[in-house]
Amino acid sequence: MKNSEGKILLLPGDGIGPEVNKALKDVINSADANTAINIEVEEDLVGGASYDKNNTPLTDDVLKKAVSADAVILGSVGGYQYDNLPFEVKPERALLKLRKELDLYANIRPAKVFDALKDASSLKSDIVEGMDIIVLRELTGGIYFGEPRGIRKLPDGQREGINTEVYTTNEIVRLGKVGFEIAEQRKKIVHSVEKANVMESGILWREEIMKLHNEKYKHIDLSNMYADNCAMQLVKQPKQFDVIITGNLFGDILSDISAELTGSLGMLPSASLGDEVNGKRKALYEPVHGSAPDIAGKNIANPIAMILSFAMFLKLSLKNNKVSELIESSVENVLGKGYRTKDIMQSGKNLVTTSDMGSLISKEIKNLSRSF
Ligand code: IPM
Ligand code: MG
């Protein structure tokens, strides 16, 4: 009897997306065959791949499927060949539309240094060893979506580009709650990051977070930090952080910095969550890495971020910690045995392809499931 059932929509997308998605399907099949989960998988097009076929990066049909699935797992979108497309049909618009339509406001981006890979960071290993940070990025507001926006012509013939950073109390508070609650399960440290020294939206952000902290989360250690300082502190002393909560644009940048600190961008999953309604919340899981067009189609990309995105789905959407941990342990064991894709290759280790890595992890799931 299967005790955990779920329906996911796989959207492989562009670049290395389809390759890492294939490796993930291997893993899902193995988890289905060897554990108490039963995952129904549907697959469709997104981003450039969808544009090529349908002239739009996200069809209404795919959006509908995304709404009705328990979660979406998305590979990546974008590629050089789409760089000159009109703004509204660029591959990235699909991602932004999915985030907005599903109201996935809480973007959880863990940046964790794997023991086996602590020498892979560009920073000295003692600075990053054991580092384990979560950047919680607001994902459906701020300057990404604020109005007014656009490019307009000025009377003197110049052009003017406009975007607006805007946050409301509700947007800040609902994100803050998620952040404090994540910190509660961890080291209980929150850094709230804005530019209250130059932006009114930052002043409001700081006031609302401090108010929420004062009302409900006094047992959490809260610091307010300016975004530029946070960027500096991240490369100077990253282990001071536990959970960073921040807006959409700063979160975009700071999560790239913290991910790169781990030296293993190809290993980091992320989750984007909406509000919980009747015990269920809309969710989209995706690797932190992008479409990496320079290495696409070569079977050399690292599928681990994609595979760990599925583990995150099991934990956060299906609440099945057991199988989620089984998959995480399988990944760690395969690394422990010395298998590496090109991006994390070290001397004396075994270089494997994307598909090999998928089958190694699938086999490890089978082995481990006997004792789990
Ligand atoms: C990310 C990406 C996206 C963003 C792009 C692809 C639209 O950089 O998820 O961090 O800017 O949010
Ligand atoms: Mg980004």
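For the structure itself, consult the block above.
### Some points on the pattern of salt bridges
Across all of its chains, the model carries 17 salt bridges by this definition. Note that E194 and R206 form a salt bridge whose closest N and O atoms lie 2.7 Å from each other. Remark: R206 occurs in helix 7 (residues 200-216) and E194 occurs in strand 8 (residues 189-194); sequence separation between them is 12 residues. Owing to a relative accessible area of 3%, E194 belongs among the buried residues under this scheme. Residues E215 and K211 are paired through a salt bridge, measuring 3.9 Å at the closest nitrogen-oxygen approach. Here E215 and its partner K211 are both found in helix 7, 4 residues apart, which amounts to about one turn of the helix. A single salt-bridge network, built from bridges that share partners, covers E42, D44, D61 and K65.

### Looking at the site of ligand 1
Around ligand 1 lies a shell formed by E92, R99, R109, R137, Y144 and D252. Side-chain polar atom of R109 to an oxygen atom of ligand 1: 2.8 Å apart, as the coordinates give it. Within the side chain of R137, a nitrogen or oxygen atom sits 2.8 Å from an oxygen atom of ligand 1. Coverage of ligand 1 by the protein chains reaches 73% of its 320 Å² of free accessible surface. In this structure, the shell around ligand 1 is formed jointly by two domains, domain 1 (1-110 + 268-372) and domain 2 (132-261), each of which donates at least three residues.

### Section: the packing of aromatic side chains
Following the criterion strictly, the structure yields 4 aromatic pairs and no others. The interplanar angle of 20° and the centroid separation of 4.8 Å between the aromatic rings of F180 and Y217 together place this pair among those described as stacked. Within this pair, whereas F180 is found in helix 6 (residues 169-184), its partner Y217 is found in the loop between helix 7 and strand 9 (221-226), the two being separated by 37 residues in sequence. Aromatic pair Y285 and F313: ring centres 6.0 Å apart, planes at 75°, arrangement edge-to-face.

Parameters and conventions
Each chain has its residues counted from 1, running along the sequence as written. Chain letters start at A and ligand numbers start at 1, both assigned in the order the entries are written. In keeping with the model being predicted, local features are shown solely for residues with a pLDDT of at least 70 and side-chain atom pairs are shown and tallied solely at 80 or more, while totals for entire chains, interfaces and linings include all residues. Hydrogen atoms and water are omitted, and side-chain values are computed over all heavy atoms in the structure. The rule for a salt bridge is simple: a side-chain nitrogen of Lys or Arg has to be within 4 Å of a carboxyl oxygen of Asp or Glu. Segments assigned H or I by DSSP are reported as helices when at least four residues long, segments assigned E as strands when at least two residues long, and all are numbered from the N terminus. Each residue's exposure class comes from its accessible area (1.4 Å probe, protein chains only) as a fraction of the maximum for that residue type: buried when under 20%, exposed when over 50%, partly exposed otherwise. When at least one non-hydrogen atom of a residue lies within 4 Å of a molecule or strand, that residue is treated as near it. Side-chain atoms alone can form a polar contact between residues adjacent in sequence; in general such a contact is a pair of N or O atoms within 3.5 Å, and within protein one must be able to donate a hydrogen while the other accepts it. A 1.4 Å probe and the Shrake-Rupley method give the accessible areas. Residues count as covered only by the protein chains that appear here. Each domain's extent is set by a domain assignment, obtained either automatically or from a database. Aromatic contacts are taken between Phe, Tyr and Trp rings whose centres are within 6.5 Å, Trp giving its six-membered ring; a plane angle under 30 degrees counts as stacked, one over 60 as edge-to-face, and the others as tilted.

By themselves these figures say nothing about function.
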